[in-house]
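Residue-level structural notes
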Amino acid sequence: MRVDAGRWGVALLDRTRTCVVALCLVVMLAPVARAEEVAPPQSIIVVTDDNYPPYIFRDQDGRLQGILRDLWSLWSERTGIAVDLQGLDWAEAQRRMAAGQADAIDTVFRTEARERVLAFSAPYATLDVPIFFHSDLSGIVDVTSLKGFTIGAKDGDACVDWLKARGIASIRPYPSYEAIIDAMAARETLVACIDKPPALYLMYKKGMQDVLRHTQPLYSGQFHWAVAKDRPELMHVLRQGFDLISPRERQAIEERWFGFSLNDRVQAEVWREMGKYVLAVLAVALLLLIWNWLLRRQVAHKTQSLTLALDELAESEGRFRTIFDHVNDAIFIHRADTGRLLMVNQRMRDMYGMGDLPVDRIDVGMCSAGVSPYGAAEAQVWLRAAAAGQPQQFDWHARRLDGSLFWVEVSMRLARFSDGQNRLLVVVRDITERKNAQDRLEFMAHHDPLTELPNRLLLQDRVDRAIALAEREGRRVALMFLDLDQFKTVNDSLGHAAGDRLLKDVAWRLRQCVRESDTIARLGGDEFVIVLNAVRDADGVVEVAEKIHKSVAPPITIEGQEVTSTLSMGIAMFPEDGHDFDTLMKKADAAMYHAKESGRSTYRFFAARMNADAVAHLALRSGLHRALERGEFQLYFQPQVSLAGGAVVGAEALIRWNHPERGLVSPAEFIPVAEDSGLIVPMGDWVLRQACRQAALWQAGGHALTMAVNLSALQFRRGDLERAVREALEESGLAPHSLELELTESIMIQDHEAVMDMTRRLGALGVQLSIDDFGTGYSSMAYLKRFAVDKLKIDQSFVRDVHTDTDNAAITQAIIQMAHSLKLEVIAEGVEVTEVVEFLRHHGCDLAQGFLYGRPMTAQRFEKTVLDGPIS
Ligand SMILES: Nc1nc2c(ncn2[C@@H]2O[C@@H]3COP(=O)(O)O[C@H]4[C@@H](O)[C@H](n5cnc6c(=O)[nH]c(N)nc65)O[C@@H]4COP(=O)(O)O[C@H]3[C@H]2O)c(=O)[nH]1
């Protein structure tokens with residue numbers, strides 16, 4: 001209700017004001033009319049565009065509607081002058097105005113042409129004229145960008161003149177703005193020049209706000225109404241009439257058609273446009289914010305990852321460094337071109353004694369022995385191959401920074417680094433121990449471990465070379481085969497350690513006798529070979545042989561014993577005796593045996609006969625093996641006589657070999673061979689059984705004889721001597737005290753404890769023990785006391801000439817006295833003449849044995865000549 005009352009109030013106020021204004025207009029116009037004598041018109045014709053919504057347009061019924069219709073109605077109402085407002089096609093409206101068929105024209109822009117004929121009111125609306133275009137087009141921003149397009153425009157519109165004035169001729173005319181908008185909706189026209197207010201109005205009406213866009217205004221036009229220039233009184237009337245319409249009324253009319261004032265509408269449009277921009281800007285800002293946030297998150301993430309990676313890298317670097325420094329091998333990286341080291345591990349520093357020396361002050365050359373065959377030339381070959389991508393592995397003679405040398409195994413390969421540079425990665429292993437072991441093995445393969453002299457293998461090589469050289473130079477080579485005469489005795493009596501010492505001493509002495517270029521080799525046992533290179537003749541060889549004899553002659557002391565060693569030498573010459581190693585060796589060996597047979601401690605050159613002897617010697621060795629099986633051995637017996645009464649009280653069993661071809665062979669020839677081959681043990685057992693059996697037979701025949709049997713050192717060491725003796729006694733039934741075992745001095749002084757034990761056990765069996773060949777070995781009272789021996793046998797070398805040789809007489813006498821002081825019986829062997837018997841009797845010797853009483857003989861002969869016939 002209050003609202004209605006308000007409206008009514010306003011209407012009443014307006015009507016009152018209108019009456020006042022009309023009255024004033026009459027008052028005001030009266031003097032004018034009087035002055036010009038022109039009466040105000042009763043009615044006026046106003047032509048206008050009929051299609052410029054919302055200013056003026058026709059509704060569905062064809063009636064004019066719009067702001068201008070309402071304004072002119074109000075004007076008519078205020079002035080009392082009827083207004084025939086004619087909405088026409090704009091061109092027609094202009095034509096009628098020009099033809100004087102209308103009093104005023106509205107919705108007209110002010111142009112120069114029009115100013116010439118029309119008088120214009122003040123502008124009442126400012127209208128932008130932009131280009132409208134489909135939103136899917138781009139690049140349309142100003143008039144120049146319109147070229148190539150057909151521009152839609154309302155026929156007779158100011159825009160047509162404006163475009164043409166700017167060279168745009170391709171214009172499609174439409175009867176109204178609505179027709180243009182419809183044509184654009186149908187995409188018949190894509191671009192059009194339309195005044196902005198009707199365009200926006202029509203787009204809004206047809207829901208095409210999003211279909212079309214527009215440029216900045218090409219220009220701005222202003223709406224006027226106008227009258228013919230020659231009708232100022234009419235202009236005056238019209239102006240006064242409009243002055244009667246208040247701005248508020250005008251605004252109310254505009255709001256009614258726009259819904260709000262045109263300016264507000266434009267403002268809203270601006271705000272809407274701005275809003276779009278603001279939204280777009282906000283959206284962009286938001287996107288930027290999100291992007292920024294995402295970027296920050298990504299950066300944070302990356303930073304974290306990077307930190308982690310750096311930590312891992314540092315940790316990995318630490319781990320790498322720990323491993324790098326603690327591996328057992330030295331590792332270094334160096335430049336292949338300059339050899340300069342770039343990186344070394346701790347092991348490398350330790351191995352090469354680098355200390356804290358900066359790595360860039362070391363090059364690989366400083367780490368190499370640099371001596372052939374490991375010199376710079378070889379290194380270059382390996383370095384080049386490794387730099388070409390072929391991994392290399394080789395042994396290298398390395399040098400510590402203090403100059404000392406050692407052996408390494410080097411593995412070298414190309415390493416490509418991230419900086420694109422190629423380096424060599426080198427792993428070095430200290431192989432000094434392995435190398436030394438290899439060298440030692442190599443040495444051992446070619447040398448005798450005891451004396452470190454070349455062995456047979458190396459000897460052969462040296463002989464071959466010496467022969468080749470001598471052949472070229474027309475010279476000779478001497479091959480000397482040496483054998484130590486007493487080695488066996490020393491070895492058996494003083495033990496292996498003593499034997500070894502003797503061999504080493506002899507080796508040392510031999511070295512003093514020959515030139516560096518000559519070769520001394522040890523073949524094993526007591527055999528040595530000397531090769532004299534490039535000798536002129538046999539005289540030179542003789543000189544060396546004598547030098548050698550002199551050199552080995554001085555005795556050496558081993559385990560408190562003075563040992564004198566002599567050598568037997570056989571010499572073969574190239575080219576006379578052979579052209580190859582084997583031949584020369586055989587011949588030198590044969591010559592050596594010949595030297596031995598010739599009395600030892602001498603040398604012999606090879607002669608054809610020696611070869612035959614050597615062959616015979618070999619045959620002896622092999623024949624001996626078969627002799628026992630074939631029953632080729634036989635025992636001979638030599639009588640032992642009591643010097644006091646002249647009775648035969650015993651016999652010594654002496655072995656003989658009835659060789660099928662050679663006849664009787666002396667034990668002096670085959671016993672050493674049997675000892676060498678070990679055959680002496682079964683042979684000794686056989687002798688024991690035979691001798692006991694024979695003694696028992698003789699005893700059974702009424703001859704109370706003791707039976708003396710020789711024992712070899714080997715029987716003591718290897719044979720089960722006690723068992724053999726017991727069995728022989730048991731088998732034969734001989735009383736143990738009738739068996740006398742002859743031991744040599746050399747047996748007595750070997751492995752004391754074992755020998756003492758054995759002699760005690762033999763003694764316990766009840767057998768007698770005597771020492772054979774007393775005086776030739778290491779005659780010592782000490783062991784005579786310790787061993788439970790019963791008898792001494794003075795060696796025949798003293799006895800034989802005791803009547804003529806005072807020295808031997810003195811020795812024999814001393815032995816007899818000493819033996820008796822120890823309560824031992826004494827027997828002298830080698831008694832050949834009665835003078836010796838007298839001497840022995842005179843000095844109290846108990847027994848005698850020798851050719852004087854009978855040579856060794858068969859059992860039958862012994863019975864016939866000794867047992868059955870008295871011995872004088
Ligand atoms: N010039 C000369 N010589 C005399 C005289 N009286 C004895 N002979 C010899 O002197 C050697 C004594 O034996 P042997 O010293 O034990 O020396 C023995 C002994 O060591 C060894 N032998 C002999 N038979 C055996 C044996 O059955 N077993 C062992 N292990 N060795 C034996 O062979 C060596 C040599 O034996 P045979 O040639 O039989 O030589 C015997 C004997 O023929 C003499 O008045 N003048």
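Rules used throughout
Residues numbered from 1 in each chain as written. Predicted model: local features only at pLDDT ≥ 70, side-chain atom pairs only at ≥ 80, totals over all residues. Heavy atoms only, no water. Helix = DSSP H or I, 4+ residues; strand = E, 2+ residues; numbered from the N terminus. Buried < 20%, exposed > 50% of the residue type's maximum accessible area, 1.4 Å probe, protein only. Contact = heavy atoms within 4.5 Å. Areas by Shrake-Rupley, 256 points an atom, 1.4 Å probe, with all protein chains shown as cover. Arc of directions from axis to C-beta. Pairing = 2+ DSSP bridges. Axes fitted to C-alpha atoms, helices over the stretch in contact; angles between N-to-C directions. Core = buried A, V, L, I, M, F, W, Y, C linked by side-chain atoms within 4.5 Å. Phe/Tyr/Trp six-rings, centres within 6.5 Å; stacked < 30°, edge-to-face > 60°. Near = heavy atom within 4 Å. Polar contact = N/O pair within 3.5 Å; in protein donor to acceptor, adjacent residues only side chain to side chain. Nonpolar A, V, L, I, M, F, W, Y, C, P; charged D, E, K, R; others polar. Salt bridge = Lys/Arg side-chain N within 4 Å of Asp/Glu carboxyl O. pLDDT = per-residue confidence, 0-100. Patch = residues over 30% accessible without salt bridge, like charges linked within 9 Å, V, L, I, M, F, W, Y side chains within 5 Å. Lys, Arg positive; Asp, Glu negative; His and termini not counted. Charge placed at Lys NZ, Arg CZ, Asp CG, Glu CD. Disulfide = S-S within 2.5 Å. UniProt positions renumbered as here; feature names shortened; annotations may be inferred.

A separate point is the overall build of the protein chain. If you tally the helices and strands in the protein chain, you get 30 helices and 35 strands. Burial analysis of the protein chain (872 residues in total) assigns 46% to the buried set. The contacts of the protein chain with a sequence gap of at least 6 include a subset with a gap of at least 24, amounting to 64%. Here the protein chain has roughly 44200 Å² of accessible surface; of this, 53% comes from carbon and sulfur atoms.

Here we come to helix H3 (residues 90-98). Every buried residue of H3 is listed here: Trp90, Ala93 and Met97. Around the axis of H3, the buried residues are gathered within 55 degrees of arc, so they sit on the same side. Looking at the buried side of H3, the elements it contacts are strand E1 (43-49), strand E5 (82-88), strand E6 (104-108), helix H4 (112-115), strand E7 (118-120) and strand E14 (219-228). Count one or two residues on from H3 and you reach Gly100, which has phi positive near 75 degrees.

Turning next to the sheet that holds strand E15 (residues 330-334). Read from one edge to the other, the open sheet built from 5 strands follows the order E16-E15-E19-E18-E17, with strand pairing classed as antiparallel. Looking along the sheet, the strands with just one partner apiece sit at the ends: strand E16 (341-344) and strand E17 (392-399). The sheet shows a mean angle of 30 degrees between the axes of neighbouring strands, taken without regard to direction. Where E15 and strand E19 (residues 422-430) come together, 5 bridges link them in antiparallel fashion. Paired with Ile331 across the bridge in E19 is Val427. Each of E15, E17, strand E18 (405-416) and E19 touches helix H12 (residues 376-387); the most contacted strand, E17, lies at about 140 degrees to it. Where helix H13 (residues 432-446) meets the sheet, its contacts fall on E17, E18 and E19, and the angle it forms with E18 comes to roughly 125 degrees.

Bringing the nonpolar core into the picture now. In terms of nonpolar packing, the biggest core is built from 84 residues, with Leu739, Leu741, Leu840 and Phe862 touching the most fellow members. Counting residues per element, this core draws most heavily on helix H21 (residues 680-700), which supplies 11 residues. Residues Ala119, Phe223, Val227 and Val237 belong to the second largest nonpolar core, which totals 70 residues.

On inspection of all chains with the given rule, the structure shows 26 aromatic pairs. Centre to centre, the rings of Tyr52 and Tyr55 are 6.0 Å apart; their planes meet at 70 degrees, and the pair counts as edge-to-face. As far as the burial class goes, Tyr52 and Tyr55 line up, both buried. Through a chain of ring-to-ring contacts, three or more aromatic side chains come together here, namely Tyr52, Tyr55, Phe109, Tyr124, Tyr177 and Phe223.

This part takes up the pairing of strand E27 (residues 633-642). Here is the key point about a regular strand: its side chains alternate between the two faces of the sheet. With 9 of 10 residues buried, E27 is to be regarded as a mostly interior element. Where E27 meets strand E28 (residues 648-659), 9 bridges bridge the pair, whose relative direction is antiparallel. Paired with Pro639 across the bridge in E28 is Ala651. Taking the residues between adjacent antiparallel strands as the criterion, E27 and E28 are bridged by 5 residues, where Gly646 takes a positive phi near 80 degrees. Sheet topology note: the E27/strand E35 (residues 847-849) ladder contains 2 bridges and is antiparallel. Directly across from Ser642, in E35, lies its bridge partner Leu847.

The next subject is the site of the ligand. If you check the shell around the ligand, you find 21 residues, and the closest are Arg656, Asn710, Gln796, Glu832 and Phe851. Within the backbone of Ile655, one N or O atom sits 3.1 Å away from a nitrogen atom of the ligand. In this structure, an oxygen atom belonging to the ligand sits 2.8 Å away from a side-chain N or O atom of Gln796. Within the complex, 82% of the 780 Å² of free accessible area of the ligand lies under protein. At the level of secondary structure, the elements contributing two or more residues to the shell around the ligand comprise E28, helix H20 (667-677) and strand E32 (768-774). Here the element with the most residues in the shell around the ligand is E28; it accounts for 4 residues. For the shell around the ligand, the class distribution of residues is 8 nonpolar, 7 polar and 6 charged.

Taken as a whole, this structure holds 40 salt bridges when the rule is applied. Its salt-bridge partner being Asp61, residue Arg63 comes within 3.1 Å of it at the nearest N-O pair. A salt bridge links Glu669 to Arg662; its shortest N-O distance comes to 2.7 Å. Via salt bridges that share partners, Glu178, Asp182, Lys205 and Lys206 belong to a single interconnected network.

The share of residues in the protein chain with pLDDT of 70 or more is 90%, and the mean pLDDT across the chain is 85. Confidence drops under pLDDT 50 across residues 1-36; counting only partners more than four residues distant or on other chains, this segment forms 19 contacts. pLDDT under 50 marks residues 260-266. Its contacts with residues more than four places away, or in other chains, come to 13 contacts. This prediction of the complex comes with two scores: 0.43 for pTM and 0.96 for ipTM.

Glancing now at a negative patch on the surface. On the surface, a cluster of negative charge is made up of Asp537, Asp539, Glu543 and Glu546. Summarising the element assignment, Asp539 is placed in helix H17 (residues 538-552).

On to the state of the cysteines. A full pass over the atoms with the stated rule returns 1 disulfide. Paired by a disulfide, Cys159 and Cys193 hold their sulfur atoms 1.6 Å apart. The S-S bond linking Cys159 to Cys193 shows a torsion near 110 degrees; that makes this disulfide right-handed. One end of the pair, Cys159, is in helix H5 (residues 158-165); the other, Cys193, is in strand E12 (residues 191-193), with 34 residues separating them in the sequence. With respect to class, Cys159 is no different from Cys193; both count as buried.

In this numbering, the UniProt entry assigns the feature "transmembrane region" (unreviewed entry) to residues 277-295. Secondary structure within residues 277-295 divides into 100% helix and 0% strand; the distance between the first and last C-alpha atoms comes to 25 Å.

For the rest of this paragraph, the subject is unusual backbone geometry. Between Pro53 and Pro54 the backbone carries a cis peptide bond, its omega angle lying at 0 degrees. Looking along the chain, the bond that leaves Phe574 and enters Pro575 is cis, with omega of 5 degrees. Of note in this structure, Arg187 is not a glycine but carries a positive phi near 60 degrees. Mapped onto the secondary structure, Arg187 falls in the loop between helix H6 (177-185) and E12. You will see that Asp773, though not glycine, has its phi angle at about 50 degrees, which is positive. Since its relative accessible area comes to 24%, Asp773 is described here as partly exposed.

Within E32, 6 of the 7 residues are buried, which leaves the element mostly enclosed by the surrounding structure. In this structure, strand E31 (residues 739-744) lies alongside E32, joined through 5 bridges in parallel fashion. Within E32, the residue paired with Glu740 across the bridge is Gln768. As judged from the 3 bridges shared by E32 and strand E33 (residues 791-794), these two strands associate in the parallel manner. Bridge pairing in E33 places Ile771 opposite Leu792.

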